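What follows is the residue order along each chain.
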Amino acid sequence: MKKTIRGKAAKLSRRTFIVGSAAASGGLALGFNLPGFGSAVAQTASEGTEVNAWVLVKPDDACVIRVARSEMGQGTITGLVQLVAEELECDWKKVKAEQVTPGQNLARKRVWGEMSTGGSRGIRTSEDYVRRGGAAARILLLQAAAEEWKVPVGELTVAEGVVTHTPSGRSSSYGKLAAAAAKLEAPDPKAIKLKDPKDWKVAGKPMKRIDTADKLDGSKIYGVDIKLPGMLCAAIKDCPVFGGKVASYDEAKIAGRPGVRKVVKVKDTAVAVVADTWWRAKTALDALPIVWDEGPNASVSSASIAEQLKEGLGASVSNGDRQNGDALKAIETAAKKVEAVYSTPFLAHATMEPMNATVRLSADKAEVWVPTQNAEASLAALSEGSGVPLAKCEAYRTDLGGGFGRRGGTQDYVHQAVEIAKELPGIPIKLIWTREEDQAHDFFRPISQCRLAAGLDASGNLTGLHARVSGQSINATLNPAGIVNGKDRRQLQGLWAEPGDAQLGYTVPNLLIEYVMRNTHVPVGPWRGVNTNQNAVYMECFMDEVARAAGKDPLDFRRALMGGHPKHLAVLNAAAEKGDWGKPLPAGVHRGIAQFMGYGSYSAAVAEVSVSDRGQLRVHRMVLALDCGHAVNPDQIAAQVEGSVAYGLTAMLYGECRVRDGRMVDLNFDTYPIMRLAEMPKVETVIVPSGDFWGGVGEPTISVVTPAVLNAIHAATGKPVRQLPLKNVRLV
Amino acid sequence: MAKLNINGTVRDVEVEPDTPLLWVIREQVGLTGTKYGCGIAQCGACSVHINDEVQRSCSIRVGDVQASDRIITIEGLSADASHPVQKAWAAIDVPQCGYCQSGQIMAAAALLKRMPKPTDKDIDEAMTNICRCGTYQRIRAAVHMAANGTSRT
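Conventions we followed
Position labels on residues start from 1 in each chain and follow its written sequence. Chain letters start at A and ligand numbers start at 1, both assigned in the order the entries are written. Local features in this predicted model are restricted to residues of pLDDT 70 or higher, and side-chain atom pairs are both shown and tallied only at a pLDDT of 80 or more, whereas totals for entire chains, interfaces and linings draw on every residue. The side-chain numbers reported here are obtained from all heavy atoms of the structure, hydrogens and water having been left aside. Every helix listed is a DSSP run of H or I at least four residues long, and every strand listed is a run of E at least two residues long, numbered separately from the N terminus. Atoms counted for the radius of gyration: C-alpha only. Globule rule: 2.2 Å times residue count to the power 0.38. By definition, residues are in contact when any of their heavy atoms lie within 4.5 Å. Note on areas: Shrake-Rupley, 1.4 Å probe, and residue coverage restricted to the protein chains presented here. Residues scored as positive are Lys and Arg, those scored as negative are Asp and Glu, and His as well as the terminal groups of each chain are ignored. A charge is said to be at NZ when it belongs to Lys, at CZ for Arg, at CG for Asp and at CD for Glu. Each residue is assigned to one of three classes by its accessible area relative to the maximum for its type, calculated with a 1.4 Å probe on protein chains only: buried under 20%, partly exposed between the two thresholds, exposed over 50%. Within this analysis, the arc is defined by the directions that extend from the helix axis to the C-beta atoms. Strand pairing is assigned whenever DSSP detects at least two bridges linking the two strands. Lines fitted to C-alpha atoms define the axes here, with helix axes fitted over just the stretch in contact, and angles between the N-to-C directions of these axes take values from 0 to 180 degrees. The split of the chain into domains comes from an automatic or database domain assignment. Buried area: the sum, over both parts, of the accessible surface (1.4 Å probe) that disappears when the two are put together. The salt bridge criterion pairs a side-chain nitrogen of Lys or Arg with a carboxyl oxygen of Asp or Glu, the two atoms within 4 Å. Pairing of N or O atoms within 3.5 Å defines a polar contact, subject to two protein rules: one partner must be a possible hydrogen donor and the other a possible acceptor, and residues neighboring in sequence count only if both atoms are side-chain atoms.

A tally of regular secondary structure across chain B gives five helices and five strands. What you see in chain B, going N to C, is helices and strands ordered as β-β-α-β-β-β-α-α-α-α. For a compact globule of 153 residues, the expected C-alpha radius of gyration is about 15 Å, and chain B comes in at 15 Å, within 12% of that figure. Based on the C-alpha atoms only, the size of chain B along its principal axes is roughly 50 × 25 × 25 Å. If you take every contact in chain B between residues at least 6 apart in sequence, the share linking residues at least 24 apart comes to 54%. Accessible area of chain B: about 5700 Å², with a carbon and sulfur share of 49%. Computing the positive centroid from 16 side-chain charges and the negative centroid from 16, chain B places the two 7 Å apart.

Put into structure tokens, the structure is as follows:
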């Protein structure tokens, strides 16, 4: 764990900190002094006394708690604030949150740690130092009271932000003590003893979110809502074929259109129109004739990609594997052999708020306002694109209208907005993508196929298992350094051996799991729950096929392989119990079960479905069990699980981005449908808090949704489903 | 030039008549609670009330709106987030990212105006806006709560 409360940074912070004050030393100036920027989560640094980097106390005893991670709906602000507040012992009713900027973080030697928000890491990889931050502030506030009253600090008690010295009957509040506390030497964070989670009063409880109010009346400002003085708006079209570029465009054709200010060629591949309003920019761009040089990929199609992946299933070289025993031989000599090939398509993130960024480049400063999962990457993109040194750049983060992995490291939209803003120095440029551009230029969930084979002995015991995934690599697109000696471990997420945060929960005497890299020209990236989502479909649906071939109950068959994986097993059992596995069902209703691990947490699901005579699927009920170790906010965990069901079912039912003539075909919600309320099953969340580790919450349960439902469909129809999405499959 | 009655205030806006009402509300009028999601009336993030009925403002030309049409946006639903739907949304912690919720709340408010005690089937049919965070289960519970004035159980 990174040490974050460092002596030097703590000294820097030991002073009253006034917002927006130029005092805050160059580069530290806190942003977001925007008119109308009302928010439950302060975006301007608040007035008050900074006790340490994490806690600022106002004269009215309100405690402002700083948050470095991005909020995209997953509740990380509330959860992180709960953890700090728990140690701080402040009054929860007077807690506010404030997000730090990457410029501040940089200037203060990353006192707030990592800002990147993805991989379900928001809480699990920062819980230790944020709790120490809260505890350190409490220690300073108590020490201030002890010194003022000249009593031993050990005689003080504190509750809800009020410090009491019972022997003398004195008490004081954090608001009164903060100024003195801020002048004291910060304690050594390593020496701080954190509370036993069993004693938590705020953390671990289903507190209401602290960032809901402005989502109810339209006042929350998302990236698309930014307004700055003199701002112009831009719409953009990137070459629809990945790898192509702009050949020419006829600017004269849109001359004289209302509001249009400029046409900008962006990095050889895109054209943007800048106008006084976004609608005028967008319609002018639609009217602009553009000739594309589509490059070498213009004949690629879904069919050609499927052939490429299929070839990988039989290729002689693999790009990553794990094995024990001799799976191929065990399967070949088995009493019974089971084989299947599964496939999953490219998927778009389809955040409700399309990609956008607002950039202003002044003589000696570069600024971006952006919904981002990685504000430091936004800052870096701004600096890199503008040529302005990092110390003179700042990124102001808005809440995200959905993230799901799309708004992480790539920052392509920031790079584009910078290129446009360079042509119009001093003028703020708000670039908003259309939905069509968003669907055309995503970093898609990787496409893959998986061939599986299993061997059973005469008693129906699994003796050998072989899985080979052939598909695209995220690392090849975004992080080539992650591919070591030709091996790309990431694509086998969820199938790893222990230790790891995405381990396969089965012990098989002879096991071979392989990844064969087959990259296409379509850019791919993280997508809420990759690659556990695809790998769980392959492994867990096949497990049901094998159990069936063995003549065994799918739950019993799994349990027999899970003796060495007690946490996986406990969660599977919890789902089975709450999901009434084995109990009678109404006529026509069938159950399916699945378990998987990812993002440091264990998940399992039981689905109840019916399939009509005409093949109409109805998912009635889903019970999901999750062991994420410590459960910081059970109600928000339930919210994430409910959302994960919707995200998973949407992918299962409809999700597919087709490729034709080198470009994406499905450009809006008419052909890329998203599940709606009427299709939402009743979701029950079972939290199995084993309490001895910190696991993720936002992503892990998605992986079990689709296999549980597909296994229930298999139970209903007697036929396995091996291709997604279901919209292309006749169930009966 | 168009004359629009938005949230009880009549305003003149200078805009091409084929501009979608959504973008006039957002850009000329400056009310940004109404959101762009798809532009083809699929997602409902742009939902507003026109004469008490919920409409997808991305697909209505401003030139087709009359000065007599009463347009209500999320900002005009109540003065202080006190509409029963807003209160139920808060009580149940419906929003995640929140981006679609203006539209969801406007759709729910219109449903309850038309049908004060909707059944689950009524809610299925009326609440067709897309939520990518998947808050549907809580939306359903909150619509019932707003209809019944009951607290969450």
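Glancing now at helix H5 (residues 174–182) of chain A. Turning to H5(A), its buried residues number three or more, namely Tyr174(A), Gly175(A), Leu177(A), Ala178(A), Ala181(A) and Ala182(A). Axial view of H5(A): buried residues confined to an arc of 150°, hence all on one face.

This part takes up the sheet that holds strand S28 (residues 682–687) of chain A. All names here are of chain A. What the four strands build is an open sheet, ordered S23-S24-S25-S28; its pairing is mixed. Each edge of the open sheet carries a strand with a single partner, namely strand S23 (589–598) and S28. Along the sheet, successive strands turn relative to each other by an average axial angle of 15°, direction set aside. Relative to S28, strand S25 (residues 617–627) runs parallel, the two sharing six bridges. Across the sheet, arginine 621 pairs through a bridge with lysine 682, a residue of S28.

Residues and elements named next belong to chain A. On domain assignment, one finds that chain A holds domain 1 (7–215), domain 2 (223–295 + 355–432) and domain 3 (302–347 + 444–728). Each partner contributes to the interface: domain 1 provides 29 residues, whereas domain 2 provides 22 residues. Surface buried jointly by domain 1 and domain 2 totals about 1800 Å² across both partners, of which 51% is contributed by carbon and sulfur atoms. One salt bridge in this structure joins arginine 110 and glutamate 376, with 2.7 Å as the shortest N-O distance. At the surface where domain 1 touches domain 2, the tally comes to 11 residue pairs in polar contact (both at pLDDT 80 or more). Counting residues per element, the side of domain 1 that touches domain 2 draws most heavily on helix H3 (residues 102–107), which supplies five residues.

Each partner contributes residues to the interface: chain A has 60 residues there, and chain B has 50 residues. Taken together, the two surfaces of chain A and chain B that pack against each other cover about 4600 Å², and 54% of this comes from carbon and sulfur. Inspection of the chain A/chain B interface yields five salt bridges. The partner of Glu642(A) in a salt bridge is Arg138(B), and the shortest N-O contact between them spans 2.8 Å. Elements that contribute at least two residues to the side of chain A that touches chain B include exactly helix H6 (278–287), helix H11 (435–440), helix H16 (634–653) and S28 of chain A. Per-element tally for the side of chain A that touches chain B: the top contributor is H16(A), with 10 residues.

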